[in-house]
Amino acid sequence: MQLPSKVKLVDVGPRDGLQNEKEPVPAAVKIALVHRLQDAGLRDIEVTSHVSPKWVPQMADAAEVMAGLARQPGVRYSVLTPNMKGFEAALQGKPDEVVIFGAASEAFSQRNINCSIAESIERFAPVVEAARAKGIHVRAVMSTAVGCPYEGEIAPERVEMFARLARQIGAQHLGVADTIGVGTPRKVQRAMEAALKHFELDAVSGHFHDTYGQALANTLACLQMGIWQYDASVAGLGGCPYAKGATGNVATEDVVFMLHGLGIETGIDLDKLVDAGKFISDFLGRKPNSRVATAVLNKRSG
Ligand SMILES: CC(C)(COP(=O)([O-])OP(=O)([O-])OC[C@H]1O[C@@H](n2cnc3c(N)ncnc32)[C@H](O)[C@@H]1OP(=O)([O-])[O-])[C@@H](O)C(=O)NCCC(=O)NCCSC(=O)C[C@@](C)(O)CC(=O)[O-]
């Protein structure tokens, strides 16, 4: 199949990237990161989560972060909302999109959101209904679509089951997440094929962690299926608090470099993106976890 000519990247760095940081990151720094990402051309940014501050302390400032954004027209700002309490809190911040997040594995669902898959769907259904009634786009994300830290390999049938349930309650988009980065191209394609039984090609995206260095290969494998929407995290920030040892998402810089090399448009300015990644990495006191960012920064410093 011909590769898509355009790809939409959602930068999940401010949310997925920072949620696991041990030291508090001030709201002002998170806001500055979002601003740098939009200045670099990102048109979809996952800003924060309205979850329990006892579970994920780093996201306790969700309202402050949303309130502090200098919004650019044409940018979609998303927030995670696991239940009605989160959705109601999110409304004040006027998100363009809310994200419900469940799992293909029972054990991960329990660890991450403290309920079974069936219970999670019951919690999500009123969120989807309320969001859609207000014209807010609803994306569902399915964790552990390839492998689970507690249950091991996940069969495509499980992916299909979650996709069916998410579709039934009215989610408009499904993100297929390889939470612990164990997917390899064919396995990820099989998970996508299962998701595509219930969501059209234009309503499916990939969310690949790079724990085993497979994320770019997995992205290419999905591009070959025509999938044109992906999550990525600036500077490769991140990891899920309930998936021990899992590293961050694939670095946005690495995906952008690959896509541009393939002649695929993203609308993103790689240099400005590298600057955004350096900004947050400097704040965190580490180097960007991106081969491309490292190469660009080395080249700049001669
Ligand atoms: C989902 C809950 C809230 C259920 O948590 P629960 O304990 O089952 O909920 P509950 O309804 O029994 O309430 C218990 C307490 O939490 C409060 N509460 C209840 N809901 C909320 C809310 N929305 N916002 C703020 N507070 C909330 C509620 O008010 C109460 O407070 P208390 O009376 O004890 O003081 C909890 O398990 C939680 O917050 N989990 C954190 C999940 C999370 O953020 N995980 C990381 C993001 S997912 C991810 O990273 C994966 C992804 C998306 O990137 C894809 C991938 O790579 O796999």
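What counts, and where the lines are drawn
Residues numbered from 1 in each chain as written. Predicted model: local features only at pLDDT ≥ 70, side-chain atom pairs only at ≥ 80, totals over all residues. Heavy atoms only, no water. Buried < 20%, exposed > 50% of the residue type's maximum accessible area, 1.4 Å probe, protein only. Helix = DSSP H or I, 4+ residues; strand = E, 2+ residues; numbered from the N terminus. Arc of directions from axis to C-beta. Contact = heavy atoms within 4.5 Å. Salt bridge = Lys/Arg side-chain N within 4 Å of Asp/Glu carboxyl O. Near = heavy atom within 4 Å. Polar contact = N/O pair within 3.5 Å; in protein donor to acceptor, adjacent residues only side chain to side chain. Areas by Shrake-Rupley, 256 points an atom, 1.4 Å probe, with all protein chains shown as cover. Nonpolar A, V, L, I, M, F, W, Y, C, P; charged D, E, K, R; others polar. Core = buried A, V, L, I, M, F, W, Y, C linked by side-chain atoms within 4.5 Å. Phe/Tyr/Trp six-rings, centres within 6.5 Å; stacked < 30°, edge-to-face > 60°. Lys NZ or Arg CZ within 6 Å of the ring centre and 35° of its normal. Axes fitted to C-alpha atoms, helices over the stretch in contact; angles between N-to-C directions. Left-handed = near helix turned anticlockwise from the far one by under 90°. pLDDT = per-residue confidence, 0-100. Pairing = 2+ DSSP bridges. Right-handed = clockwise from strand over helix to strand, strands pointing away.

Bringing helix α5 (residues 106-113) into the picture now. Those residues of α5 that sit buried are F108, S109, N112 and I113. Seen from one end, α5 has its buried residues packed into an arc of 105 degrees, which puts them on one side. Turning to α5, the residues buried within the fold contact β4 (97-103), α6 (117-133), β5 (137-143) and β6 (147-148). Backbone geometry just downstream of α5 places N114 in the positive-phi region, at approximately 65 degrees.

Here we take up the pattern of salt bridges. Scanning all chains against the criterion turns up 18 salt bridges. Residue R15 pairs with E46 through a salt bridge whose shortest N-O separation is 2.7 Å. With R15 in helix α1 (residues 13-17) and E46 in strand β2 (residues 44-49), this pair connects stretches of sequence that are 31 residues apart. In this structure R15 comes out as buried when scored by relative accessible area, which is 9%. By relative accessible area, which is 1% here, E46 ends up buried.

Residues in close proximity to the ligand total 26 residues, the closest being R15, Q19, N112, S143 and T179. In this structure, V51 approaches the ligand through a main-chain N or O atom, which is 3.3 Å from a nitrogen atom. One nitrogen or oxygen atom from the side chain of T179 is found 2.5 Å from an oxygen atom belonging to the ligand. Across the complex, the protein chains shield 76% of the 1100 Å² of accessible surface that the ligand would expose by itself. Listing elements by their share of the shell around the ligand, those giving two or more residues are α1, α4 (84-91), α5 and β5. Along the lines of polarity and charge, the residues of the shell around the ligand split into ten nonpolar, eleven polar and five charged.

Turning to the nonpolar core, a few remarks are in order. L9, I100, L174, V176 and L273 are the most contacted members of the largest nonpolar core, which totals 99 residues. Not counting residues within four places of it along the chain, the set of residues in contact with I100 comprises T81, F124, V127, V128, V138, R139, A140, V141, I169 and A171.

The tally for this structure, following the rule as stated, stands at two aromatic pairs. Aromatic pair F208 and Y230: ring centres 6.4 Å apart, planes at 50 degrees, arrangement tilted. Here the residue F208 occupies a position in strand β9 (residues 204-208), and Y230 occupies one in strand β10 (residues 229-232), the gap between them amounting to 22 residues. In this structure F208 comes out as buried when scored by relative accessible area, which is 2%. What makes Y230 buried here is its relative accessible area of 2%. The ring of Y150 carries the charged tip of R111 above its face, separated from the ring centre by 4.0 Å. Just above the ring of F199 sits the side chain of R167; from NZ or CZ to the centre is 4.6 Å.

Okay, the packing of helix α7 (residues 156-168) against helix α8 (residues 185-195) next. Relative to each other, α7 and α8 sit at 35 degrees, their axes nearing to 8 Å. Seen along the crossing, α7 lies across α8 with a hand that is right-handed. Contacts between α7 and α8 involve P156, V159, E160 and A163 on the former and, on the latter, R190, A191, A194 and A195. By residue class, the composition of the contact of α7 with α8 is six nonpolar, no polar and two charged.

The next thing to look at is the environment of I180. Within the secondary structure layout, I180 lies in the loop between β8 (173-178) and α8. Among the residues examined, I180 registers a relative accessible area of 12% and is labelled buried. Sequence-wise, I180 and G245 are 65 residues apart; in three dimensions their C-alpha atoms are separated by 7.9 Å.

Here we come to the confidence of the model for the protein. The pLDDT averaged across the protein works out to 97; a share of 99% of its residues lies at or above 70. ipTM for the predicted complex: 0.98, alongside a pTM of 0.97.

To continue, consider the pairing of β2. A regular strand places its side chains so that they alternate between the two faces of the sheet. In terms of burial, β2 is largely enclosed, as six of its six residues are buried. Bridging between β2 and strand β3 (residues 76-80) involves five bridges; their strand directions are parallel. Counted as the bridge partner of S49 is L80 from β3. Handedness of the crossover joining β2 and β3 through helix α3 (residues 62-67): right-handed.

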